[in-house]
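So you can see what is in the structure, the chains are spelled out below.
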Amino acid sequence: MTLRTISPGETIGILGGGQLGRMIALAAANLGYRCHVYAPEADSIAADVSAAFTQGAYDDESALAAFAAQCAVVTYEFENVAAAPLAAVTAHAPLHPPARALEVAQDRVNEKAFVEELGGRPAPWAKVDSRDDLRAAIARIGTPGILKTRRDGYDGKGQWRIMTPDDAETVELPGKSLIYEGFVAFAAEFSVILVRTAGGEVRFWDSAENVHKDGILDTSTVPASPVILAQVEAARTLAAMVADALDYVGVLTLEFFATDDGPVFNEMAPRVHNSGHWTIEGAIASQFENHVRAICGLPLGSTALVTRGAVMENLIGDDASGWAAILADPEKHLHLYGKAEARAGRKMGHVTRLVR
Ligand code: AMP
């Protein structure tokens, strides 16, 4: 694929109005671009730092078309956008990453099947559309396991732990298509974040070791522990195959469990990722900057570390009210997303400290 170079001064469209869009817009602004955010909510923290904002539904094809007509290129920060209406976007502007990446990544069954086809290994899984399916899944895969919605799940939402076969009889099924996954006994969790250009050049950032609390990312640490470092190469090989198979342009994230038998694929996100926020200060070019470079057809910046490593800590809910104490430590980089309301479980900001 060749791509027209989108020059500084032109407009980048961003589907999705949250913190990832905000940080893409800030990186784009540094390179002289204007951003136009499209999101369904009236208040958007991405729009707060962008030149233009369209409030519209993700399936409103005429609003999407009018938005795309004002953009030189369109990207997304949110993967739960229906793929079909995006034809209204691609009629007017290139869309990177491609809609196919969304289709694969927004459905846990599709993404696991896709990765298996490329030789990757997810947790044992089964599609569940009824209680009978769940019983059959448990009979084949065993317990403990996790029942998840196929679509629209994030930050541990739409997930139910199944500890014994009896739980299958009592769990309240949400009336949505589900997937049952065997519980993976992992030593640690990590992510592979890469950027790919239209010409097929791929660069990786150092893999962070990720610790989750209540299903939400809590910390990302670089360098990761040795058990992870020994598995990064195999995980990168799979991630690059995924990117190539999708003719991917932009930043792509794959999450893995490090197990005694090597990396087990958990899920992918066709976008910049929370576990890559440390790259803003910790890498020569951040995930946000290189995403902008890739979708605009510019040369990539180096993904190398600027110091020995970095520790990123998420500020969830009330954590953000501790901003004054964080700023009192001169080694800490504070990022607040400007969200008006600090609800429990909501990502309000993050803090990065470089390891020097
Ligand atoms: P997910 O939204 O699927 O990434 O799940 C959020 C977190 O729940 C993961 O990062 C893991 O810590 C945990 N988790 C999800 N699926 C599994 C699994 N099959 N086995 C063990 N832990 C899991």
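A. Quick peek at the overall build of the chain. The helix and strand tally for the chain stands at 12 helices and 17 strands. With respect to the principal axes defined by its C-alpha atoms, the chain has extents near 60 × 50 × 40 Å. In the chain, which comprises 356 residues, the proportion classed as buried is 54%. Nonlocal contacts in the chain, meaning residues at least 24 apart in sequence, comprise 62% of its contacts between residues at least 6 apart. Entry remark: accessible area of the chain is about 14700 Å², with carbon and sulfur atoms responsible for 50%. Within the chain, one finds 31 positive and 45 negative side-chain charges whose respective centroids are separated by 2 Å.

B. Geometry of the domain arrangement of the chain. Domain annotation for the chain reports domain 1 (11-95), domain 2 (124-182) and domain 3 (188-355). Here domain 1 and domain 3 have C-alpha centroids that lie 22 Å from each other. In this assembly, 17 residues from domain 1 lie in contact with 20 residues from domain 3. Between domain 1 and domain 3, a total of about 1700 Å² is buried, with carbon and sulfur atoms accounting for 72% of that surface. Linking domain 1 to domain 3 there are one salt bridge.

C. Structural detail: helix α5 (residues 108-117). Those residues of α5 that fall on the buried side of the exposure criterion are R108, V109, E111, K112, F114 and V115. Capping the start of α5, D107 holds a side-chain oxygen 2.8 Å from the backbone nitrogen of V109, two or three residues further along. At the exit of α5 stands G119, carrying a positive phi of roughly 95°.

D. A look at the site of the ligand. The ligand sits among 15 residues. The nearest are K148, V184, E189, N266 and E267. One nitrogen or oxygen atom from the side chain of N266 is found 2.9 Å from an oxygen atom belonging to the ligand. Protein chains shield 95% of the accessible area of the ligand, which is 470 Å² for the free molecule. The set of elements that each furnish at least two residues to the shell around the ligand consists of β6 (145-149), β8 (178-182) and β14 (262-269). Looking at the shell around the ligand, its residues break down into five nonpolar, five polar and five charged. Each of domain 2 (124-182) and domain 3 (188-355) gives at least three residues to the shell around the ligand.

E. Summary view of a nonpolar patch on the surface. Together, W323, L327 and L336 give the surface a local cluster of nonpolar side chains, amounting to about 300 Å² of exposed area. Looking at the secondary structure, you find W323 in helix α12 (residues 323-327). Residue classification places W323 among the partly exposed residues on the basis of a relative accessible area of 44%.

F. View of the layout of surface pockets. In this structure, the second largest pocket spans a volume of roughly 260 Å³. Lining the second largest pocket are 17 residues, with M23, L26, A27, N30 and I280 sitting closest to its centre. Those elements that provide at least two residues to the lining of the second largest pocket are α1 (19-30), α10 (279-282), α11 (287-295) and β16 (332-336). Take the lining of the second largest pocket: its biggest share by element is five residues, from α1. Tallied by class, residues from the lining of the second largest pocket come to 11 nonpolar, four polar and two charged. Each of domain 1 (11-95) and domain 3 (188-355) accounts for three or more of the residues forming the lining of the second largest pocket.

G. Structural context of the pattern of salt bridges. With the rule as written, the count across this model stands at 17 salt bridges. The partner of R356 in a salt bridge is E331, with the nearest N and O atoms 2.5 Å apart. In this pair, R356 sits in the segment after β17 (347-355) while E331 sits in the loop between α12 and β16, placing the two residues 25 residues apart along the sequence. Its relative accessible area of 63% is what places R356 among the exposed residues. Between E341 and R343 there is a salt bridge whose closest N-O contact spans 3.4 Å. Note on R343: relative accessible area 43%, which makes it partly exposed. Within this structure, D107, R150 and R151 form a network of salt bridges that share partners.

H. Expanded view of the packing of aromatic side chains. Throughout the structure, instances matching the rule amount to six aromatic pairs. Measuring from centroid to centroid gives 6.2 Å for F256 and F265, while their planes differ by 75°, and the two rings are edge-to-face. Take F256 and F265: they sit in the same class, and that class is buried. Pairwise contacts between aromatic rings join Y38, Y58, F67 and F78 into one cluster.

Cut-off values and rules
- Residues numbered from 1 in each chain as written.
- Predicted model: local features only at pLDDT ≥ 70, side-chain atom pairs only at ≥ 80, totals over all residues.
- Heavy atoms only, no water.
- Helix = DSSP H or I, 4+ residues; strand = E, 2+ residues; numbered from the N terminus.
- Buried < 20%, exposed > 50% of the residue type's maximum accessible area, 1.4 Å probe, protein only.
- Contact = heavy atoms within 4.5 Å.
- Areas by Shrake-Rupley, 256 points an atom, 1.4 Å probe, with all protein chains shown as cover.
- Lys, Arg positive; Asp, Glu negative; His and termini not counted.
- Charge placed at Lys NZ, Arg CZ, Asp CG, Glu CD.
- Domains from an automatic or database assignment.
- Buried area = accessible area lost by both parts, 1.4 Å probe.
- Salt bridge = Lys/Arg side-chain N within 4 Å of Asp/Glu carboxyl O.
- Polar contact = N/O pair within 3.5 Å; in protein donor to acceptor, adjacent residues only side chain to side chain.
- Near = heavy atom within 4 Å.
- Nonpolar A, V, L, I, M, F, W, Y, C, P; charged D, E, K, R; others polar.
- Patch = residues over 30% accessible without salt bridge, like charges linked within 9 Å, V, L, I, M, F, W, Y side chains within 5 Å.
- 1 Å grid on protein atoms, 1.4 Å probe; cavity = no way out; pocket = protein on both sides within 12 Å on 5 of 7 lines; lining within 4 Å.
- Points joined across faces, edges and corners; volume = space filled by probe spheres on them.
- Phe/Tyr/Trp six-rings, centres within 6.5 Å; stacked < 30°, edge-to-face > 60°.

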